[in-house]
Amino acid sequence: MPPSPVPRPAGAPDPAPARPASATVVDTARGGGRTVSLTFDDGPNPADTLRLLGVLRRHRVAAVFCLWGEHVDDHPDVVRRIVADGHTLGNHGMRHDDMGRWPAERIAADLRATNDAIRRAVPGARIRYFRAPYGAWGGTPAVAAALGMRPLGWRLAVGDWEPPGTDELVRRLVDGVTPGAVVLLHDGGGDRHQTVEAVDRVVPVLRARRWRFTLPARDRPTRRTQTPR
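Draft legend 1. Spotlight on the overall build of the protein chain. Scanning the protein chain from terminus to terminus reveals 7 helices and 8 strands. Burial status across the protein chain gives 53% buried among its 229 residues. Considering only residue pairs separated by 6 or more positions, the protein chain has 80% of its internal contacts joining residues 24 or more positions apart. For the protein chain, the exposed area adds up to about 10,200 Å²; of that, 50% sits on carbon and sulfur atoms.

Have a look at this one:
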């Protein structure tokens with residue numbers, strides 16, 4: 001069944017038409033076998049996001065950046081760099097609020113505000129995914145899908161928000177990855193230099209073990225995911 005229409009406030013202009021997406025939370029990378037998708041939340045964060053972009057460019061890895069709207073307004077130039085490097089954008093809410101119990105109208109207003117912030121930075125940007133802050137999905141999947149964004153979950157969260165140290169992040173990534181996993185990491189919300197260093201070290205290790213880095217699936221339904229941050 002397609003998602004229910006998303007209510008708009010009276011008098012608000014109609015958005016550009018968006019093709020509805022599946023409301024099933026996706027946590028699977030594209031392709032079969034040893035594929036993995038790297039996804040990064042809570043940016044843009046100039047120091048760490050820009051360093052991360054350099055790491056991904058050097059290793060020729062495309063990733064998904066789920067953007068925090070207020071940070072987008074603060075650092076639109078970094079969003080432009082993300083797009084210029086060929087990465088995929090996701091919506092992570094305007095203020096990183098827990099939307100788990102929000103009504104559809106309030107969710108829609110927040111997601112639209114975040115998309116508007118992203119498109120002020122990058123006019124016409126394609127925003128393919130939505131990830132709920134804290135994994136508090138509530139009614140957000142149907143709203144995001146009606147706005148053309150696939151809800152994006154994960155299979156592996158390594159707790160880089162703690163942060164536990166670069167060596168431990170490397171261990172959690174190498175030991176925890178499974179075929180087809182979407183991996184949840186962070187480039188914002190705090191000092192993320194450990195995450196950047198861990199990614200720089202892990203990509204060559206996984207490549208040597210015949211892993212391929214792909215983007216998350218867009219259409220095939222997968223299971224719902226767990227709850228971090």
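Draft legend 2. Up close: the packing of aromatic side chains. Enumeration over the complete set of coordinates arrives at 2 aromatic pairs. Note on F130 and W137: the rings are 6.2 Å apart at their centroids and 80° apart in plane angle, and the pair reads as edge-to-face. Judged by its relative accessible area of 0%, F130 falls in the buried class. R106 extends its terminal NZ or CZ atom over the ring of W102, reaching a point 3.8 Å from the ring centre.

Draft legend 3. Molecular detail of helix α6 (residues 166-176). Those residues of α6 not exposed but buried are T166, L169, V170, L173 and V174. For α6, the angular spread of buried residues about the axis comes to 125°, placing them on one side. Projecting away from the buried face of α6 at angles above 90 degrees are the exposed residues D167 and D175. At its buried positions, α6 is contacted by β6 (156-157), β7 (181-186) and α7 (193-208).

Draft legend 4. The arrangement of helix α4 (residues 104-121) in detail. Compared with an ideal rise of 1.5 Å per residue, which puts 18 residues at 26 Å, α4 spans 26 Å between its outermost C-alpha atoms and is within 8% of the ideal. For α4, the elements touching its buried residues are β2 (64-67), α2 (69-74), α3 (76-84), β3 (88-91), β4 (127-130) and α5 (140-146).

Draft legend 5. Just unusual backbone geometry, in detail. Cis geometry marks the peptide bond from G43 to P44; its omega dihedral reads 5°. Following the sequence through the fold, P44 ends up in the loop between β1 (35-43) and α1 (46-59). One non-glycine residue with positive phi stands out, namely H96, at about 60°. Its relative accessible area of 6% is what places H96 among the buried residues. In this structure, Y134 is a non-glycine residue whose phi angle is positive, near 65°. Within the fold, Y134 resides in the loop between β4 and α5.

Draft legend 6. A look at the pattern of salt bridges. For the structure shown, the criterion picks out 12 salt bridges. A salt bridge links D85 to R57, with the shortest nitrogen-to-oxygen separation between them at 2.6 Å. Taken together, the residues span a long stretch of sequence, with D85 in the loop between α3 and β3 and R57 in helix α1 at a distance of 28 residues. Here R57 falls in the partly exposed class, since its relative accessible area comes to 43%. For E168, the salt bridge is made with R171, and the minimal N-O distance between the two is 2.7 Å. Within this pair, E168 and its partner R171 are both found in helix α6, separated by 3 residues, close to a single helical turn. With relative accessibility at 43%, the residue R171 sits in the partly exposed group.

Draft legend 7. Spotlight on the packing of α6 against α7. Running from N to C, α6 and α7 point in directions that differ by 45°, and their axes come no closer than 9 Å. Considering their axes alone, α6 and α7 lie oblique with respect to each other. When you trace α6 past α7, the crossing you get is right-handed. Residues T166, D167, L169, V170, L173 and V174 of α6 form the contact with α7, whose own contacting residues are Q194, T195, E197, A198, R201, V202 and V205. Its residues assigned to classes, the contact of α6 with α7 shows 7 nonpolar, 3 polar and 3 charged.

Draft legend 8. Fine view of the packing of α1 against α7. Where α1 meets α7, the axes come as close as 9 Å, and the angle between the chain directions of the two elements is 10°. The pairing of α1 with α7 is recorded here as roughly parallel in orientation. Residue-level inspection shows D48, R51, L52, V55, L56, R58 and H59 of α1 in contact with α7, the latter providing H193, V196, E197, V199, D200, V203, P204 and R207. Residue classes in the contact of α1 with α7 are distributed as 7 nonpolar, 2 polar and 6 charged.

Reading the values: rules and limits
- Residues numbered from 1 in each chain as written.
- Predicted model: local features only at pLDDT ≥ 70, side-chain atom pairs only at ≥ 80, totals over all residues.
- Heavy atoms only, no water.
- Helix = DSSP H or I, 4+ residues; strand = E, 2+ residues; numbered from the N terminus.
- Buried < 20%, exposed > 50% of the residue type's maximum accessible area, 1.4 Å probe, protein only.
- Contact = heavy atoms within 4.5 Å.
- Areas by Shrake-Rupley, 256 points an atom, 1.4 Å probe, with all protein chains shown as cover.
- Phe/Tyr/Trp six-rings, centres within 6.5 Å; stacked < 30°, edge-to-face > 60°.
- Lys NZ or Arg CZ within 6 Å of the ring centre and 35° of its normal.
- Arc of directions from axis to C-beta.
- Expected span 1.5 Å × (residues − 1).
- Salt bridge = Lys/Arg side-chain N within 4 Å of Asp/Glu carboxyl O.
- Axes fitted to C-alpha atoms, helices over the stretch in contact; angles between N-to-C directions.
- Parallel < 35°, antiparallel > 145°, perpendicular 65-115°, else oblique.
- Left-handed = near helix turned anticlockwise from the far one by under 90°.
- Nonpolar A, V, L, I, M, F, W, Y, C, P; charged D, E, K, R; others polar.

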